[in-house]
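Take a look at the letters that make up each chain.
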Amino acid sequence: MIGINYELYKVFACVVKNGSITGASRELYISQPAVSQSIKQLEAQLGGFLFKRTPKGMELTAEGSAIYEYISRANGLIEQAQTRFAQMKDLARGEIKIGASDNICRNFLLPHIQKFRKNFPKIKFLFVNGTSNQTVDLLKTGKVDIGFVNLPVDDDEITAEPLGELHDCFVGGTDYKMLTQTPISVKDLTNHPLILLGAETNSRKFIDEFFKTHHCTAKPDIEVGSHDLLISFAELNMGISCVTKEFVSAQLTKGTLYKLNVEGEVRSRKIGVIRLKNVSLTFAAEKFVSNLKEDIKKGTSNE
């Protein structure tokens, strides 16, 4: 059967509801002849009569009653779909699927999520944890809408937008406090136990490049899978960790960690949001990213 224009069914349902061509014409703001023509066109395409014309008005045939039962259900579903769409557009409901590491979630995203949830409490958040490389894979397989990663990301399918800068530094516990007083070379740094992230992470690759620029090789005594473990091991005086300075401000203030005076500071790296090219975000995800960027901009301008 040839596909039938939904507008014809819409006119048909309106005639049934009003019981007359006149009533349907008035509700739809179209002429009575246009309503009659629509019904005739629909009947012709279906191959049978939908109404019996009686002095009392338009009465459904048996076939018309059967069609109307399904059309009324379809109209109800369409109305529900339109309502759901409007709610999502107004952020009265929706979901945001985010890929990021535990470290980025806790230390970078959490304040922004808290603020967003306060303004839009009906929006659900789904988090999938992973390294930057894993987050790229999650995005490309459709398991998350957006990802927050260490940049750069070199992938033709992905758009990456920088959000801010992070600064890596070397820290130790109380046993390493003396290394904060005088400068220590990168070569001398390798004579101490090093605690670093796994070699597959972008953060570790960044640090490896830093050591190479000083003609050294980073050979960690301990490799861990999270930034939190870097902090914990360093606080226990098990070695020197390379951590993100912005994420250990509390420990540096309390004195459980000390920032070492290493010659040749590690250059800053960028954190950013990634999304698939040519794929639109949900209303909720688009609003979250927009608000986050605005908050970062305000924070920067207030510094």
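Each residue is numbered by its place in its chain's sequence as written, counting from 1. Residues qualify for local features only when their pLDDT is at least 70, as the model is predicted, and side-chain atom pairs are given and counted only at 80 or more; totals for whole chains, interfaces and linings, by contrast, use all residues. The side-chain numbers reported here are obtained from all heavy atoms of the structure, hydrogens and water having been left aside.

Caption draft 1: Representation of the overall build of the protein in the model. Put simply, DSSP H or I for four residues or longer makes a helix, DSSP E for two residues or longer makes a strand, and each gets a number counted from the N terminus. A count of helices and strands for the protein gives 11 helices and 12 strands. Put simply, the radius of gyration uses C-alpha atoms, and a globule should come to 2.2 Å times the residue count raised to 0.38. Here the C-alpha atoms of the protein give a radius of gyration of 32 Å, more than 25% beyond the 19 Å that 2.2 N^0.38 yields for 303 residues. Taking the principal axes of its C-alpha atoms as reference, the protein extends roughly 105 × 35 × 30 Å. A 1.4 Å probe rolled over the protein chains alone gives each residue an accessible area, and that area as a share of the maximum for its type sets the label: buried under 20%, exposed over 50%, partly exposed in between. Counting the 303 residues in the protein, one finds 41% classified as buried. We call two residues in contact when some of their heavy atoms are within 4.5 Å. Across the protein, contacts joining residues at least 24 apart in sequence account for 72% of those joining residues at least 6 apart. For the protein, the exposed area adds up to about 17,200 Å²; of that, 52% sits on carbon and sulfur atoms. Within this scheme the basic residues Lys and Arg register as positive and the acidic residues Asp and Glu register as negative, but His and the chain ends are omitted. The atom standing in for a charge is NZ when the residue is Lys, CZ when it is Arg, CG when it is Asp and CD when it is Glu. When the 38 basic and 35 acidic side-chain charges of the protein are each reduced to a single mean position, those positions are 7 Å apart. For accessible areas, the Shrake-Rupley method is used with a probe of radius 1.4 Å. Any residue's cover is judged against the shown protein chains and nothing else.

Caption draft 2: Region of interest: the packing of aromatic side chains. Here a Phe, Tyr or Trp ring, Trp counted by its six-membered ring, pairs with any other such ring whose centre lies within 6.5 Å, and the pair is stacked when the planes are under 30 degrees apart, edge-to-face when over 60, and tilted otherwise. Scanning all chains against the criterion turns up 12 aromatic pairs. Their ring planes at 85° and their centres at 5.4 Å tell us that phenylalanine 85 and phenylalanine 283 sit as a pair that is edge-to-face. In this pair, phenylalanine 85 sits in helix H4 (residues 62–89) while phenylalanine 283 sits in helix H11 (residues 283–301), placing the two residues 198 residues apart along the sequence. Each ring, one from phenylalanine 148 and one from phenylalanine 288, has its centre 6.4 Å from the other, and the planes form 85°; the classification is edge-to-face. Of this pair, phenylalanine 148 sits in strand S5 (residues 146–150) while phenylalanine 288 sits in helix H11, placing them 140 residues apart in sequence. Summarising the burial analysis for this pair, phenylalanine 148 and phenylalanine 288 share the class buried. Among the aromatic residues, ring-to-ring pairing joins Phe116, Phe120, Phe125, Phe127, Phe148 and Phe288 into one connected group.

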